[in-house]
Structure formats: structure tokens, C-alpha cells
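One-letter residues, chain by chain:
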Amino acid sequence: MQLIPAISDADGPEPRPYADDLRPEEEQKLRKKILSLAADEVRSRATQLAAASVGSPEATPSSQTPKRAKLPQPSFEEVQLRVFDLSNSNEPVLVLTAKARMPARPNAGADPQYIVTLVARDDIYGELHKAFASVTDSQHLDVLPRMELVDAVDADGDGRGELLFRQISDAGKAFVLYRVIGDRLWPLFQGAPGQ
């Protein structure tokens, strides 16, 4: 199923596409960078899940952080990368959605399939700055909803694009609208979950 947003405003600004057209080599370079950020997010979530299943938080005082070996690279599938120029400033905003799995570990149960949504801004120096990350799995949708990008839209008619997501959890589905400001996403609208 494909969602197509529509903004109804007869007197709004001239509509323009927010998709940023990149050369294939630029897109590959950005894809590699954002997948590296996504891998860090998945490893962090895998570490949290492993710690929660092994023992309680009381086992390690918060002032003592144990050193852990870096987890291996997750494998990604169903990778979708969308690149937007939301403010016509030539600083791309990247939105990655993907599914990921950690490599099987000896003497460990099967790791779940992770669902990743990552938003990052590419600055004028070619550095990616994470603005938003959501990593969940099908076993934890009650506490960590899945975020699906719908599209970039100009919801308030100011000529600047916002990111529209569909939030999916055990409680239902809702739409969420964010504006990218600097290295953060600011919520402009949060719908109530419903069927």
C-alpha cells in the first residue's frame, strides 16, 4: 500500500518537489555514511536488548560502565534512502528506512529483526549529523513504535518542507509531522493511534 499525502490550500505557495536529485556516486557515498550511522543505532539497540535479557540494571551500578567489545556489522535489507532539500538550502536531509539483523552469535538466542528509521542532515563539509533515530523490532512495538516515512510536505504553506511519518505500534497507527531544524526533528503534529 502506498500513501500519498495531499495538502489542501488554494492560496498556498507554488508547489515544488522536495526530492533532491543526486548523482549516483553522491548517492552511494551518502548511502554508505548513513548505513554506518544506522549500524551504530542497531548495535546500540542489540546491546540494550541483550543487557535486558541477561540481567537486571542493579547488577551494574550506573557509575561503572563496563567495556564491551564492539558488536559486528548488522546486515541490512529492504533499504530505502530518500534525500530531500527541505529548505532550498542545498543541505540534503536523508531519511533511511531499513530492516536489519545482527549476525548469529554462538550460545545466544536468535536476534530479532530490527526496523530502523534514521534522519540525518548533510552539512556543507559532507558530514552527516543525526537528527532522529528510531530502532524497534516486532516484539517491542508496544513501547517503541515503528516509523514509516510517507513523504516531505509543506504543511503550513511557508515554502519549507516537513517530514510526514506514519507511526505504527501495538496501539494502532497515527501520523506524525516533524520539521528539521539544525540537528533535531521538532514535532509539529502528533496524531492519536487508531485503527
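Higher on the page you've got the structure.
Basis of the calculations
- Residues numbered from 1 in each chain as written.
- Predicted model: local features only at pLDDT ≥ 70, side-chain atom pairs only at ≥ 80, totals over all residues.
- Heavy atoms only, no water.
- Helix = DSSP H or I, 4+ residues; strand = E, 2+ residues; numbered from the N terminus.
- Buried < 20%, exposed > 50% of the residue type's maximum accessible area, 1.4 Å probe, protein only.
- Contact = heavy atoms within 4.5 Å.
- Areas by Shrake-Rupley, 256 points an atom, 1.4 Å probe, with all protein chains shown as cover.
- Pairing = 2+ DSSP bridges.
- Axes fitted to C-alpha atoms, helices over the stretch in contact; angles between N-to-C directions.
- Phe/Tyr/Trp six-rings, centres within 6.5 Å; stacked < 30°, edge-to-face > 60°.

K.L.:
Tell me what's going on with the overall build of the protein, and back it up with residues and numbers.
P.N.:
Each helix and strand in the protein was counted, giving 1 helix and 8 strands. For the protein, the sequential pattern of α-helices and β-strands runs α-β-β-β-β-β-β-β-β. Every one of the 195 residues in the protein was classed for burial, and the buried ones make up 37%. Restricting to contacts in the protein with at least 6 residues of sequence separation, those with at least 24 account for 49%. Looking at the protein as shown, the accessible area adds up to about 12000 Å², and 50% of this sits on carbon and sulfur atoms.

K.L.:
Requested: an account of the pairing of strand β8 (residues 184–190), with residues and values cited.
P.N.:
As defined by bridge partners, strand β7 (residues 172–181) adjoins β8 across 6 bridges and the pair is classed as antiparallel. Residue Val180 lies in a different strand from β8, and its bridge partner there is Leu185.

K.L.:
A description of the sheet that holds β7 should follow, citing residues and the corresponding values.
P.N.:
The antiparallel open sheet is built from 4 strands, whose spatial order is β5-β6-β7-β8. Of all strands in the sheet, those bounded by a partner on one side alone are β5 (146–153) and β8. Neighbour to neighbour, the strand axes of the sheet diverge by 35 degrees on average, direction disregarded.

K.L.:
Describe the packing of aromatic side chains, with residues and values.
P.N.:
Under the definition given, this model contains 3 aromatic pairs. Taking the centre distance of 6.3 Å and the plane angle of 40 degrees together, the rings of Phe132 and Phe165 count as tilted. Here Phe132 is found in strand β4 (residues 128–137), whereas its partner Phe165 is found in strand β6 (residues 162–169), with 33 residues between them in sequence. By the burial criterion, Phe132 is buried, and Phe165 matches it. Ring centres of Phe132 and Tyr178 lie 5.7 Å apart, and the angle between their planes is 40 degrees; this geometry places the pair in the tilted category.

K.L.:
Go over the sheet that holds strand β3 (residues 114–122), please, and point to the residues and values.
P.N.:
The strand order across the open sheet formed by 4 strands is β1-β2-β3-β4, and the pairing between neighbours is antiparallel. Strands with a single pairing partner mark the edges of an open sheet, and in this sheet they are β1 (75–84) and β4. Between one strand axis and the next, the sheet turns through 15 degrees on average, direction left out of account. The sheet contact formed by strand β2 (residues 93–101) and β3 spans 8 bridges and is antiparallel. Of the residues in β3, the one forming a bridge with Lys99 is Ile115.

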